[in-house]
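Chain by chain, the residues run as shown.
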Amino acid sequence: MNVLGKLLAALLVAATLLLPVQAAAEETYTPGFQTLGLWEPEQNLRMDTAVWYPARRAPRTLRYGDWEFRAARRATPVPGRYPLILLSHDSGGSRFSLHLLAGELARAGFVVAAPTHRMDNMNLIANPFSLPQLRDRVRELRALPDILAQTAPFADIIDFDRIGVIGIGPGGAAALLLAGGRLDNAGWEHYCFRAGPRDVYCSAWAAPRMDAMAKAIARDESWYDPRIGAAAVVAPAYGMLFTPGSLQDVRTPILLLRADLDRINRAPHHADAIFKALPQVPDYVILQHTDNASLMSPCTPELAALIPDMCTPLPEADQEEAQRQLSEHTIRFMTAHLGAALPPSEGAPQ
């Protein structure tokens, strides 16, 4: 299928997802919430993780550091079996930086686990433009289901046969790797000639790091996780490292969301390049009037003063609409491919 045909097919699929959906259950949920310090001893892996889940208690305003949002802290979960969504924030974010999306997913009947990626968060960005940035994210995301399977009350309400992942920026690249993609360093060789010297990846600081990353890539290395039943790849980073050859084994359903004002991972070299390289037509949506900052949940004034670049969308961006689109498309996609909540007696562990 040529690129035009592929694009038309993707737009048709996306349009179909926008049709009204009959609710699979009559339940009305509120977002329950807990934040956990999780530890996986065999890998010595420690993660601060926020978990949103279906509850019924009325939410109230919660404050964690400089983040503020509404949820029902430590509310009793509504009995049932719910799909699990692994949520990977953008570089420099945290487990709270996508709280609006996580809360809407919980209202729709999902359990959402959002880790703060330890070496790539708002307090410590230690490994940008490097292979460890992706490897660490994949490692943390892969570990979460096994840890939650041993953690009350989530072990009793998650259906571990239905797991999806949503990632933004480097998180989008990590989601694609979990879905069966591999990295290919061939795409980096001429990237800056095509993208131009003003591209973020081609700066005097980033380009040497990208050179080192390309040299470290093993093209046959796979981080595929067969438990992942659907992957939403949002404003993805590292598009030049995904080629038709490295994506040839991807069979997991993919939702590809392109931010039309993305200045960091510019669409022609990242989202669009991934779209062209995928072997099967993904659900492909352009988020209008959306940049990187508007994909993050709104910051408090204190947080905006601390990290203004991350908290201030471009003048032409519409953060409220970006959040609406992000929630709407991911909920519909995940419901279509993972299904809705099940009663407690269904999907119970054997």
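Definitions and cut-offs
Residues numbered from 1 in each chain as written. Predicted model: local features only at pLDDT ≥ 70, side-chain atom pairs only at ≥ 80, totals over all residues. Heavy atoms only, no water. Disulfide = S-S within 2.5 Å. Helix = DSSP H or I, 4+ residues; strand = E, 2+ residues; numbered from the N terminus. Buried < 20%, exposed > 50% of the residue type's maximum accessible area, 1.4 Å probe, protein only. 1 Å grid on protein atoms, 1.4 Å probe; cavity = no way out; pocket = protein on both sides within 12 Å on 5 of 7 lines; lining within 4 Å. Points joined across faces, edges and corners; volume = space filled by probe spheres on them. Nonpolar A, V, L, I, M, F, W, Y, C, P; charged D, E, K, R; others polar. Axes fitted to C-alpha atoms, helices over the stretch in contact; angles between N-to-C directions. Parallel < 35°, antiparallel > 145°, perpendicular 65-115°, else oblique. Left-handed = near helix turned anticlockwise from the far one by under 90°. Contact = heavy atoms within 4.5 Å. Polar contact = N/O pair within 3.5 Å; in protein donor to acceptor, adjacent residues only side chain to side chain.

A. Just the state of the cysteines, in detail. Using the criterion set out here, one finds two disulfides in the structure. The disulfide partner of C192 is C202, and the gap between their sulfur atoms is 2.1 Å. Judged by the torsion about the S-S bond (-100 degrees), the C192/C202 disulfide is left-handed. Of the two residues, C192 is situated in helix α5 (residues 191-195) and C202 in the loop between α5 and α6 (206-216); the sequence distance between them amounts to 10 residues. Overall, C192 belongs to the partly exposed group, its relative accessible area being 26%.

B. The arrangement of unusual backbone geometry in detail. In the segment running from A152 into P153, the intervening peptide bond is cis, with an omega of 0 degrees. Here F129, not a glycine, exhibits a phi torsion of approximately 50 degrees, which is positive. Note that F129 resides in the loop between β8 (124-125) and α3 (131-148). F129 gets classed as buried once you look at its relative accessible area, which sits at 14%. At A235, a position not held by glycine, the phi torsion is positive, near 40 degrees. Overall, A235 belongs to the buried group, its relative accessible area being 3%.

C. Seen up close, the layout of surface pockets. The volume enclosed by the largest pocket comes to roughly 870 Å³. Along the wall of the largest pocket there are 33 residues; nearest its centre are D90, S91, I264, N292 and M310. Counting only elements with at least two residues in the lining of the largest pocket, the list comes to α8 (292-295) and α10 (308-311). Broken down by class, the residue content of the lining of the largest pocket amounts to 20 nonpolar, nine polar and four charged.

D. Quick look at the environment of A218. When you line up the elements, A218 lands in the loop between α6 and β10 (228-234). Along the backbone, A218 and R182 are 36 residues apart, and their C-alpha atoms lie at a distance of 8.9 Å.

E. Fine view of the packing of helix α2 (residues 99-107) against helix α11 (residues 319-338). Contact pair α2 / α11: the axes reach a minimum separation of 10 Å and the direction vectors enclose 40 degrees. In terms of their interaxial angle, α2 and α11 are classed as oblique. Considering how the two elements wind past one another, α2 and α11 form a crossing that is right-handed. Counting all contacts with α2, which are made through L100, L101, E104 and L105, the residues of α11 involved are Q323, L326, S327, T330 and I331. Residue composition of the contact of α2 with α11, by class: five nonpolar, three polar and one charged.

F. Quick peek at the side chain of Q319. Position of Q319 among the secondary structure elements: in helix α11. For Q319, a relative accessible area of 19% gives the class buried. A polar atom in the side chain of Q319 sits 2.7 Å from the backbone oxygen of M296. Each residue touching Q319, except ones within four places of it in the same chain, is listed here: A293, S294, M296, S297, P298 and P313.

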